[in-house]
Amino acid sequence: MLKAFFNSKIVRVFSIPLGLAGLILYSTAAASAVAETGSDAQLEKIAEFCAEGTFRRGSVRFLKLLHYYVSKQSPERFLRIIQVMIDCGEAEEAIKILEKYITKKPQNIEATLMLAKLYSWYGRQLKAVDMADKVLEFYPENRQAKLTKADASNWSGDYHTALPLYEQLLAEQEDFDTRLRYIYALLATGSYSEAKLSHWWLYDAEVPRRHTTHDVSQALIDQARRSLSYTVGYSDDNYENKQLNHNLSFNLPFERAGMSLSLYKQASDNPWAVTQQELQELSLGGRWRLNSMWSFSGELGLAETSAEQEIDDLKLSLSTNAQLGRWLWGVTLSRELYPIYTDHVVSRGIYSYAQYKVNDWVRINGELSGTNYSDDNSSYDLMFRSRYAVSLTDPHVEVGYKFTQQGFSRQTEAGYYAPDKSMSHQLTLGFSYYYKTFYASGEVYYSRQSTLYYGTEQTKNIAALSLYLSYSVMKSFSVNVTLDGGDFALGEKDGYNYYQVGLGISAFF
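Residues numbered from 1 in each chain as written. Predicted model: local features only at pLDDT ≥ 70, side-chain atom pairs only at ≥ 80, totals over all residues. Heavy atoms only, no water.

**Comments concerning the pattern of salt bridges**
And then number 1: Enumeration according to the criterion identifies 14 salt bridges in this entry.
And then number 2: For lysine 149, the salt bridge is made with aspartate 133, and the minimal N-O distance between the two is 2.9 Å. Taken together, the positions of lysine 149 in helix α9 (residues 143-155) and aspartate 133 in helix α8 (residues 125-138) put the pair 16 residues apart, joining distant regions of the chain.
And then number 3: Among the salt bridges present, the one from glutamate 172 reaches arginine 143, with a minimum N-O distance of 3.7 Å. Here the residue glutamate 172 occupies a position in helix α10 (residues 159-172), and arginine 143 occupies one in helix α9, the gap between them amounting to 29 residues.
And then number 4: Judged by its relative accessible area of 42%, glutamate 172 is partly exposed.
And then number 5: One continuous salt-bridge network, built from bridges that share partners, spans Glu141, Arg143, Lys146 and Glu172. (Salt bridge = Lys/Arg side-chain N within 4 Å of Asp/Glu carboxyl O. Helix = DSSP H or I, 4+ residues; strand = E, 2+ residues; numbered from the N terminus. Buried < 20%, exposed > 50% of the residue type's maximum accessible area, 1.4 Å probe, protein only.)

Okay, structure coming up:
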């Protein structure tokens, strides 16, 4: 009879909540025991819960316990508790506690370097570099400070700073993680041969890290692959200006360089054109990285357009870009044939830009360009922009302000829009998100724009958006989608609005 009772449905129904209650009581008791003894065994038990992924399903009291003990321990045990907090998914809370701790005890170098490392891991690379530099000021041979500075510089794209530090560290002592990050930094700068040579050092790794060695081998293959890409785009506006664009390109990478051969075709149609206008371009492009700081690129092509008459002309562009620390800047010279106009109008321009990261949250950009046209016209464009990062980790979110101004020396009869002066103040919201094989980025903005055209000044409210999505279907094939659109006279019937969509596919081999 007792056996039948214990096998009954009633007992089975109540056994689950009773078991959970027992687990809660056990967790509470365990937490209380740690609070009383603070034993290393119990601390390691918490770390074990986190490593198994059962922390959040276990007892929240464990986390409260860590908060309680974090201010009552020796420096060594304090750092161990902080590490357990990180393992338990409480990195942001660990950063806050470390910041308060270092304010009171700035002489604790290990705590300072742990905070710098956390900064670099969670999107605050500039702050990590500054903190590492402060340690190196007093301890120039501190290995952990050098490694933290190298990692933070690497992850922020400052390879000019990161690569020499990695090389110095590896010359002093061979280390798997340092070698690994050094290889990925070399790949980012296109230094395939150096990356391959450095790759052989990883094969002495212990068995648990062999999968990482395989990942690096795959990365070496991926970075040196050729690719074939095709994109198609369509745009339309409320004045029935339609465009259909096709672009086919073949890309061939070399050591610190690369080449691309592109075939571009554009078909345009509008109400005032007698026939459909077409543009075809065949171009050869190249890129070359001089070192970890400087890179150069160029493109030479032949453009052919058929409107009322056939026109052939050369297309040419030369660019240089550099990044060092917080600075990013570049210059481009260009010459091109305007694609959709009936007259033979050629533009020659110079464009320059600069970006400075004030800190991990704030960056400012400036752009300035000037253009001369073959129909005795000229123009200028300038832009100033500041952005603040609301979130440094995925999804990365930024809010900002953007000022633009444009002006032409005269109106033209060649068919392109040439206002005397146009000026706008924009509020922007942008984001980017990356997860495994998926990447997304986009921006929306609202603007108040004033335009002086043929002596008449108009002020409009403007809103626009852009979106980019990319998905790697497999290692040898990816797909991307673009969407762009805007309304340049919100709330007005005769205002200008447009949209354009694009689809691209790439095959790697």
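**Examining the nonpolar core**
And then number 1: Formed by 22 residues in total, the largest nonpolar core has its most connected members in Tyr166 and Leu187.
And then number 2: Breaking this core down by element, the ones donating at least two residues are α9, α10, α11 (176-188), α12 (192-199) and α13 (210-223).
And then number 3: When near neighbours in sequence (up to four residues on either side) are disregarded, tyrosine 166 contacts Leu147, Ala150, Asp151, Asn154, Thr178, Arg181, Tyr182 and Ala185.
And then number 4: The next biggest cluster of nonpolar side chains, apart from the first, holds 21 residues, and it includes Ile86, Ile95, Ile97 and Tyr119. (Core = buried A, V, L, I, M, F, W, Y, C linked by side-chain atoms within 4.5 Å. Contact = heavy atoms within 4.5 Å.)

**Re the packing of aromatic side chains**
And then number 1: The full count for this structure, using the stated rule, is 15 aromatic pairs.
And then number 2: Plain terms: the ring middles of tryptophan 294 and tryptophan 329 are 6.1 Å apart, the flat faces sit at 85 degrees to each other, and that makes the pair edge-to-face. With a gap of 35 residues between them, tryptophan 294 in strand β5 (residues 294-306) and tryptophan 329 in strand β7 (residues 327-337) connect regions that are remote in the sequence.
And then number 3: The exposure class assigned to tryptophan 294 is partly exposed, which follows from its relative accessible area of 27%.
And then number 4: Linked through ring pairs, Tyr239, Phe488, Tyr496 and Tyr498 together constitute an aromatic cluster. (Phe/Tyr/Trp six-rings, centres within 6.5 Å; stacked < 30°, edge-to-face > 60°.)

**Points about the packing of α11 against α12**
And then number 1: Contact geometry for α11 and α12: axes closest at 8 Å, N-to-C directions at 165 degrees. Classed by the angle they form, the pair α11 and α12 counts as roughly antiparallel. Between α11 and α12 the crossing geometry is left-handed. For the pair α11 and α12, the contacting residues are Arg179, Tyr182, Ile183, Leu186 and Leu187 in the first and Tyr192, Glu194, Ala195, Ser198 and His199 in the second. (Axes fitted to C-alpha atoms, helices over the stretch in contact; angles between N-to-C directions. Parallel < 35°, antiparallel > 145°, perpendicular 65-115°, else oblique. Left-handed = near helix turned anticlockwise from the far one by under 90°.)

**A look at the packing of helix α7 (residues 109-121) against α9**
And then number 1: Axis separation between α7 and α9 bottoms out at 9 Å; the angle between their running directions is 15 degrees. The angle between α7 and α9 places the two elements in the roughly parallel class. Crossing handedness for the pair α7 and α9: left-handed. Every residue of α9 that contacts α7 at Leu113, Ala116, Lys117, Ser120 and Trp121 is listed here: Gln144, Ala145, Thr148, Ala152 and Trp155.

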